[in-house]
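Okay, here's what each chain looks like letter by letter:
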Amino acid sequence: MRWPYANIGVVTTRTFRNLLNKIHGDIAADMQEHKDRADNIQAQINNLVADGDSSPEAAQARVGTDGTNYATLKARLDSENQIVTSQLTDISINIKQFSDKAVKDSTGSIIDWAPAIQAAIDFLYSQSINSNQGGTILIPAGTFYVIGKSQTIILRSNVSIRGIGKSSVIKIHESTGDWGYLFFGGQTELLENVTISDLVLDCNVNNPVTKTERWQYSNRVLINVGEAKDFKLANVMMITNGVWGFRGFVENGEISNNEFIFEPPIYQDASFDVSTIWIGGKHNRVLYNTLIANWRSDFIPETAIETQGHYSYYGNNTVRGYKVGLIESNNTGYENPLNPILELGALYNKIVNNTFEVLVGGLTLWAMHVADDSYIKGCQISNNNFKIVEGNNLLKRSRYGIGISKADLTTGSTHDGVQTGKINTLKIDNNHIEFEKRVVSDSISSADAGVRLDTEFEIEGTDISQNTFYNIGGFGVYLSAAVDSVLNPNSQFIKNTIIQNNIFLEVRKPIRVNTRVKRTTITNNSFVQQIDYPNLIDNMIVTIEAYSRSAQDTSRFFIKNNSISSSVLNHRPFYPKYLLGLAISNYSRDYQDILENNEPGVVVVQGQTDRYQIVQNGNFLIGKDGLRYGLTNTIQATIGRPYGINKSDVKVVKVVDSTILEFSDTLDIYPSQSLSLKCTDGTYKVVTVLSVYKQYVFFTVDVSQVKINEIVKYYSDNLGLVN
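Counting restarts for each chain: residues are numbered from 1 in the order of the written sequence. Restriction of local features to residues with pLDDT of at least 70 applies here, the model being predicted, together with a cutoff of 80 or more for giving and counting side-chain atom pairs; totals for whole chains, interfaces and linings are based on all residues. As a convention, hydrogens and water are excluded, and side-chain values are obtained from all of the structure's heavy atoms.

Engineer: What am I meant to see in the overall build of the protein chain here?
Structural biologist: The way it works is that DSSP assigns letters per residue, a run of H or I at least four long becomes a helix, a run of E at least two long becomes a strand, and they are numbered from the N terminus. Tallying secondary structure elements over the protein chain gives 5 helices and 57 strands in all. The buried label applies to any residue whose accessible area, calculated with a 1.4 Å probe on protein chains only, is under 20% of its type's maximum; exposed applies above 50%, and partly exposed to all values in between. Looking at the protein chain as a whole, 55% of its 723 residues are labelled buried. Residue contacts are defined here by distance: any two heavy atoms, one from each residue, within 4.5 Å place the two residues in contact. Look at the contacts in the protein chain between residues 6 or more apart in sequence, and 74% of them connect residues 24 or more apart. Exposure was quantified through the Shrake-Rupley algorithm and a 1.4 Å probe, taking into account, for residues, occlusion by the shown protein chains and nothing else. Of the roughly 30000 Å² of accessible surface on the protein chain, a fraction of 48% belongs to carbon and sulfur atoms.

This is how it looks when you write it as structure tokens:
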């Protein structure tokens, strides 16, 4: 074979036409050589008997040139024909063969290889017009500078670009200034069957740029394939500082084993939206890539990977230094005139085995306002490692492992309008979600959260299972749909959520359910605290919270078989084991809740009292006056006197704040009990125990308005007559 031309030096004595004639001649000679070879094989076959013949001649004919013994003569012919076709298709041209097209400076040094690369692409493309067979542009070792323009080099179907590894570098020249795209295509015709591999694309951070970036201005994008099919980007290092490193609406694409290094621009106050990999379309694979963002001053790029499309796989990628690791969006189909995608939304994508070490959010689900029924559906988020690390320039943004991007009408953008789609059948399983620094906060808008589904649209059928949540000072899982919002005019709900078999380790409030959440199952989770936090409110006080239910339509919990463990003695967080009244956390049969041990108002008699006899019949007591007394609400209570470890009386040591008292002993005090506290003025105050932590008891009502000096003889005084 006379190909490839990888070792031909710079052409200095031939004209470009002579070179083309030479190339055409070599192609013709190769084709004749393969034709002669095929004719010879056919001649052998013509002289042979049937394939089933066991003669030595037939056996010899079934042996290929590489020694393979084929079952039949036809099998050998088919295989060798494929080899010949492949050899003719893979025509390779070294860009140095077109060096006379490059631009030189006054000293004769080449400062712009773009025209040479374009000439090579156009030549191979011209060969493929009739045969549909292109070839490969070879980038040899060396640094090849190009002067960037709005559209620098136009890609063509069936023409690929390949280097020999990191020693092959295409780099923006330092004299360029602002520029648009290095490689560009797929705008007026579909770009098909292109591979870019084994080289370095360098934006040149020393090239002076001036514009404050937005996506519609100076983009500085290394590859924009527009609409493409069967596109592959492999083993490429990209040094980028623009809005995108790669962008494209692709069908059957692969971006694999690449290294993306984001180097922020050097001008002051650089700030713009970034998605280093932006890919829409369907049936794509983004695999084994590394994306690293380096920080300069206060600039931190926004997003590593943004996806819009269907049936795609994003796996084994590593992201570090960005604000957000990956965005999954439903905004597919509106920009695909050449290769239309008829299905709306984002359907059945898989995001698995990735590592994200980012500053704000590991993964964002962004249900844009684009069209009715444009759903994010069947997304699977599995076996990922999310770590939220510390950084600067975060502007009080809420942090999350997996979260929702909420619409903002103040932007004026069409995608920030009222969302009419929804998220359906979302699966979040076997992920590790960790925060580098535990920041304690109760804020429903800005507290850290492992999974934060806080939305203005419907989310239905979410399964959050077998995840590990670690070192979170806010919430492990937070669920809430907007109430009376212009963004949620139809009062959409979060419905049919399953939270099961998760581990919440050092999570201050493992699960919080806020407003408009229906049919939530919480089973077989583990709530674990191993660290004794010096600040009382930093500890796990409540495991599962439900707020504002009576006004905001939250209903139907199924809570069962969740476990609590703590290495701290006398640590008893609140857990909704019984049906409780509004006095504590809004669980009730009125909302069709089903809780573990959910008998209404279980009453346990611990000792003789002055008011009640030691007689229990069902859910009421018989008083010494002979009347029957039952609970006036659904709080589980205990009648009796609390004792310390030595059977001594329990006293109040001090009032810590309006909801916390320090006791002399808490051995006999548990969440959900009611305590009647005797005050110095002789009155009594009835409070409900929320949680116990060592010697401290947390309450649901204000206990600081009066001076308290002891606990009276009864745990509970919230009884009323039973008819």
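Anyway, onward from the coordinates.
Engineer: Even after reading the chapter, I still don't get empty space enclosed by the protein, so can you show me in this structure?
Structural biologist: To find leftover empty space, one rolls a probe the size of a water molecule over the atoms. Using protein atoms alone on a 1 Å grid, points that fit a 1.4 Å probe yet trap it form a cavity, whereas open point sets bounded by protein on both sides within 12 Å along at least five of seven lines form a pocket; residues with an atom within 4 Å of a point count as lining. Grid points are joined across faces, edges and corners, and a volume is the space filled by probe spheres set on the points. Within the structure shown, the criterion is met by 4 cavities of 30 Å³ or more. When its volume is computed, the largest cavity comes out at roughly 60 Å³. In terms of lining, the largest cavity is formed by W366, A367, S405, K406, A407, H415, G417, Q419, E456, F457 and L487. The class makeup of the residues in the lining of the largest cavity is 5 nonpolar, 4 polar and 2 charged. Charged residues are taken to be Asp, Glu, Lys and Arg, nonpolar residues to be Ala, Val, Leu, Ile, Met, Phe, Trp, Tyr, Cys and Pro, and polar residues to be all remaining types, Gly included.

Engineer: Help me understand the pairing of strand β14 (residues 259–262) in this model?
Structural biologist: If a strand is regular, its side chains alternate between the two faces of the sheet. The pairing of strand β11 (residues 221–240) with β14 spans 4 bridges and is classified as parallel. Its bridge partner being in β14, M237 is matched across the sheet by E259. Here, any two strands with at least 2 DSSP bridges between them count as paired. Alignment of β14 against strand β17 (residues 290–293), held across 4 bridges, turns out to be parallel. From the neighbouring strand, F260 faces β17, where its bridge partner is L291.

Engineer: Please explain unusual backbone geometry as it appears in this structure.
Structural biologist: Among all residues save glycine, negative phi is the norm, and among peptide bonds the norm is trans. Within the chain, N471 stands out as a residue other than glycine whose phi angle is a positive 60°. Here N471 lies in strand β36 (residues 468–481). Notably, N561 is not glycine yet its phi reads approximately 60°, a positive angle. Take N561: it is sitting in the loop between β42 (555–560) and β43 (563–566). A residue is classified by how much of its surface remains accessible, and N561, at 41% relative accessible area, is partly exposed.

Engineer: Help me understand the environment of F183, please; the structure alone is not making it clear to me.
Structural biologist: Mapped onto the secondary structure, F183 falls in strand β9 (residues 181–184). For the pair formed by F183 and N224, sequence separation is 41 residues and the distance between their alpha carbons is 6.2 Å. Among all residues touching F183, those that are not within four sequence positions of it are I117, I153, L155, I161, I170, L201, L222, I223 and N224.

Engineer: I keep staring at the pattern of salt bridges and nothing clicks. Help me out?
Structural biologist: Oppositely charged side chains may form a pair once their charged atoms are brought near each other. Only one rule defines a salt bridge in this text: a Lys or Arg side-chain nitrogen within 4 Å of an Asp or Glu carboxyl oxygen. Applying the stated criterion across every chain yields a total of 23 salt bridges. In this structure, D442 engages R508 in a salt bridge whose closest nitrogen and oxygen atoms are separated by 2.7 Å. Placement of D442 in the loop between β32 (432–435) and β33 (449–455) and of R508 in strand β38 (residues 503–513) is noted, with a sequence separation of 66 residues between them. With relative accessibility at 38%, the residue D442 sits in the partly exposed group. A salt bridge links R512 to E545, with the nearest nitrogen and oxygen atoms 3.8 Å apart. In this pair, R512 sits in strand β38 while E545 sits in strand β41 (residues 544–546), placing the two residues 33 residues apart along the sequence.

Engineer: Please clarify how the packing of aromatic side chains should be interpreted in this entry.
Structural biologist: Both the distance between ring centres and the angle between the ring planes are used here to describe each pair of aromatic rings. By convention, a stacked pair of Phe, Tyr or Trp rings (six-membered ring in the case of Trp) has centres within 6.5 Å and planes under 30 degrees apart, an edge-to-face pair has planes over 60 apart, and any other such pair is tilted. Applying the stated criterion to the full structure yields 11 aromatic pairs. Ring centres of F249 and W278 lie 5.0 Å apart, and the angle between their planes is 70°; this geometry places the pair in the edge-to-face category. Linking F249 in strand β12 (residues 246–251) with W278 in strand β15 (residues 275–282), this pair joins segments that are 29 residues apart in sequence. As far as burial versus exposure is concerned, F249 and W278 are alike and both buried. Taken together, the aromatic side chains of F469, F504 and F527 make up a single cluster linked through ring pairs. Taking NZ or CZ as reference, R156 lies 5.3 Å from the ring centre of Y125, over its face. The side chain of K518 reaches across the aromatic face of F493, ending 4.8 Å from its centre. Definition used: whenever NZ (Lys) or CZ (Arg) falls within 6 Å of the ring centre and also within 35 degrees of the ring normal, the charge is taken to sit over that ring.

The values are spatial; any link to function lies outside them.
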